[in-house]
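# Observations on chain architecture
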2 protein chains.
Amino acid sequence: MSALPDTASPLYEKVKDYILTNIGTGKWTKDSKLPSENEFVAALGVSRMTVHRALRELTSAGFLIRLQGVGTFIAPPKPQSTLIEINNIAAEIVARGNRHRSEVLVLEKITPTKELSLSFEFAKRTAVYHSVVVNFENDLPVQLEERFVNPSLIPDYDKQDFSKTATYDYLMQKTPVTEVEHIISAVPADAETARHLAINVGDCCLLLHRRTWTGAVVATISKLTYVGSRYSLGSRYSPSRKT
Amino acid sequence: MSALPDTASPLYEKVKDYILTNIGTGKWTKDSKLPSENEFVAALGVSRMTVHRALRELTSAGFLIRLQGVGTFIAPPKPQSTLIEINNIAAEIVARGNRHRSEVLVLEKITPTKELSLSFEFAKRTAVYHSVVVNFENDLPVQLEERFVNPSLIPDYDKQDFSKTATYDYLMQKTPVTEVEHIISAVPADAETARHLAINVGDCCLLLHRRTWTGAVVATISKLTYVGSRYSLGSRYSPSRKT
DNA sequence: ACGCGGGAAAAGTATATACATGTATGTATA
DNA sequence: TATACATACATGTATATACTTTTCCCGCGT
């Protein structure tokens, strides 16, 4: 009867997933106020303490901001951590004082292959958005960005003009990332990649596979190919950070 | 009457302070078990839920480890996070069920080049340890590991037998890492690298540059070269992790 | 028009209670 | 002796309840 998902086992985790998913789907926006604890109690049929724990943990995780006597709000997007930042290539290029430009090669809605559907952890074969963008630094292509996006979380992905807004910025603004997976490898360029990046077949490329989750749902799957001789990924991390 | 400090205002924060203080003063040691929740209730005169919240938050902050049905223990020093783990190639290989073997090519004390001395942020040109090790997975070389180590932090680095103990394990045990810097790139193999890794010159390699700090001092500088076709780096990260 | 006071609403804390779940241990039985 | 069961104890979760603290807003009086 209740609107709670069937994902996590403890009840407060279900409430957390429920809230994160509804933030992801835009049910509550940045400006509006989330329901109060008592409204959640009425809507979900759980006790207030359980709702409170879910909200408290989401707050300490940085997703929400709560003001006593006022209400609960969605936290502004945070820089997350370490490896997540490396995806914002546009900001990096600009930060280096260079010019950034994008070229959108593909922006469509497709039926995923069986393998891709598996990566999305879909039960059924649901259509997903597919985009291919080349990012230039001073008119030199440095990155080929292929991305698959879950339309249940980001329904209007294909309405955007990604030659102006970076795909990264758009996604970060639309849905909170609760988990990230990265796989980094070095591969020789195939014919198509070489053409798009203006390099020779066989040249070294840095390949970054990336999956992001919002709650229990896979939000995006990306395949980022960097020209080895023109780009490297950097990160700096201090473990001495608190929750 | 109660042993609780007069520091923080909410009661559960006082309980947290109380527990942390007693860990700090050595009242409970690494091996012994902390009092049970009910024992805390009897000792401090607060409800079990309040004790539970204090213990839960200390656990999620990484100070404690709790086992249902067993008890509460002091957590071992932090396993750090994300990218740090990817350096322990020996553990990864073993975890995949494969055989790991190391070959030490160089283990010496050298005077660093001007550039290297700069990377160490040395004021004067101080001698550093230098090691080169090849790591094998089932007798196939997968990684070439060149490392420079600050002798003021790890004075007996050159006395070790790194064909037995992984350099990573040894360093992690000797000095705490407070900060890590990574730079990842894809490069073609040069002649010497190709020879050590049994690949062709020009083959794609994943190059990981790594610097670690202990406090304000650079502890290690590493250059890790992975065979692109035999290895990739993976990581998974949850901003809202529970542990 | 202005200010002030009071009440409603929201989050924060604390407790008592109950039950669930996992672990270790001792005892009875095959 | 070894296995199975019962039991005690530990943490984990869920609820109901009460009270506190803070903020917002509406209506009243001047």
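Just so it is clear, the structure is predicted and the values come from calculations on it, not from any experiment. (Residues numbered from 1 in each chain as written. Chains lettered and ligands numbered in written order. Predicted model: local features only at pLDDT ≥ 70, side-chain atom pairs only at ≥ 80, totals over all residues. Heavy atoms only, no water.)

Right, let's get into a nonpolar patch on the surface. Together, A:Ile65, A:Leu67 and A:Val70 line one region of the surface with nonpolar side chains, adding up to about 250 Å² of accessible area. Mapped onto the elements of the fold, A:Leu67 is located in strand β1 (residues 64–67). (Patch = residues over 30% accessible without salt bridge, like charges linked within 9 Å, V, L, I, M, F, W, Y side chains within 5 Å. Areas by Shrake-Rupley, 256 points an atom, 1.4 Å probe, with all protein chains shown as cover. Salt bridge = Lys/Arg side-chain N within 4 Å of Asp/Glu carboxyl O. Helix = DSSP H or I, 4+ residues; strand = E, 2+ residues; numbered from the N terminus.)

So, about helix α2 (residues 37–44) of chain A. Residue and element names in this part refer to chain A. Burial in α2 covers these residues: Glu-37, Phe-40 and Leu-44. In a view along the axis of α2, the buried residues occupy a sector of 55 degrees, so they form one face of it. Turned more than 90 degrees from where α2 packs its buried face, Asn-38 and Ala-42 sit exposed. Packed against the buried residues of α2 are α1 (11–24), α3 (48–60) and β1. Once α2 finishes, Gly-45 follows within two positions and takes phi at roughly 70 degrees, a positive value. (Buried < 20%, exposed > 50% of the residue type's maximum accessible area, 1.4 Å probe, protein only. Arc of directions from axis to C-beta. Contact = heavy atoms within 4.5 Å.)

Let's shift gears to the protein's contact with DNA strand D. As a structural note, the neighbourhood of DNA strand D is formed by 24 residues, with A:Leu11, A:Thr50, A:Gln68, B:Arg48 and B:Arg66 the closest of them. Close to the protein, within 4 Å, the atoms of DNA strand D are drawn from sugar and phosphate at a rate of 65%. Between a phosphate oxygen of DNA strand D and a side-chain N or O atom of A:Tyr12, the distance comes to 3.1 Å. Here a base oxygen of DNA strand D and a side-chain polar atom of A:Gln68 are 2.5 Å apart. Breaking the surface near DNA strand D down by element, the ones donating at least two residues are α1 and α3 of chain A together with α3 (48–60), β1 (64–67) and β2 (71–74) of chain B. By residue number, the principal contributor to the surface near DNA strand D is α3(A), which donates four residues. Within the surface near DNA strand D, the residues separate by chemical class into nine nonpolar, 10 polar and five charged. (Near = heavy atom within 4 Å. Polar contact = N/O pair within 3.5 Å; in protein donor to acceptor, adjacent residues only side chain to side chain. Nonpolar A, V, L, I, M, F, W, Y, C, P; charged D, E, K, R; others polar.)

With that settled, consider the packing of α3(A) against α3(B). Running from N to C, α3(A) and α3(B) point in directions that differ by 30 degrees, and their axes come no closer than 14 Å. Here α3(A) is positioned roughly parallel relative to α3(B), judged by the angle of their axes. The interaxial crossing formed by α3(A) with α3(B) has right-handed handedness. From α3(A), A:Arg53, A:Arg56 and A:Glu57 reach across to α3(B), where they touch B:Arg53, B:Arg56 and B:Glu57. Of the residues contributing to the contact of α3(A) with α3(B), the split by class is no nonpolar, no polar and six charged. (Axes fitted to C-alpha atoms, helices over the stretch in contact; angles between N-to-C directions. Parallel < 35°, antiparallel > 145°, perpendicular 65-115°, else oblique. Left-handed = near helix turned anticlockwise from the far one by under 90°.)

Our next topic: the pattern of salt bridges. Residue and element names in this part refer to chain A. What the rule picks out here adds up to 23 salt bridges over all chains. The residue Lys-16 makes a salt bridge to Glu-57 at a minimum N-O spacing of 2.8 Å. A residue pair is termed long-range when its members are at least 10 positions apart, and Lys-16 in helix α1 and Glu-57 in helix α3 qualify at 41 residues. Residues Lys-16 and Glu-57 agree in their burial class; the two are buried.

Right, let's get into the nonpolar core. The biggest cluster of nonpolar side chains holds 23 residues, and the ones touching the most others in it are A:Leu206, A:Tyr226, B:Leu206 and B:Tyr226. Breaking this core down by element, the ones donating at least two residues are β6 (179–188), β7 (204–214) and β8 (217–227) of chain A together with α4 (89–95), β6 (179–188), β7 (204–214) and β8 (217–227) of chain B. With residues up to four places along the chain from it excluded, the contact list for A:Leu206 reads A:Ile184, A:Ser185, A:Leu224, A:Thr225, A:Tyr226, A:Gly228, A:Leu233, B:Ile184, B:Ser185, B:Ala186 and B:Leu206. (Core = buried A, V, L, I, M, F, W, Y, C linked by side-chain atoms within 4.5 Å.)

Around DNA strand C there are 24 residues in total, and A:Glu37, A:Arg48, A:Arg66, B:Leu11 and B:Thr50 lie nearest to it. Sugar and phosphate atoms represent 67% of those atoms of DNA strand C found within 4 Å of the protein. Those elements giving two or more residues to the surface near DNA strand C turn out to be α3, β1 and β2 (71–74) of chain A together with α1 (11–24) and α3 of chain B. Ranked by residues supplied to the surface near DNA strand C, first place goes to α3(B) with four residues. By residue class, the composition of the surface near DNA strand C is nine nonpolar, 10 polar and five charged.

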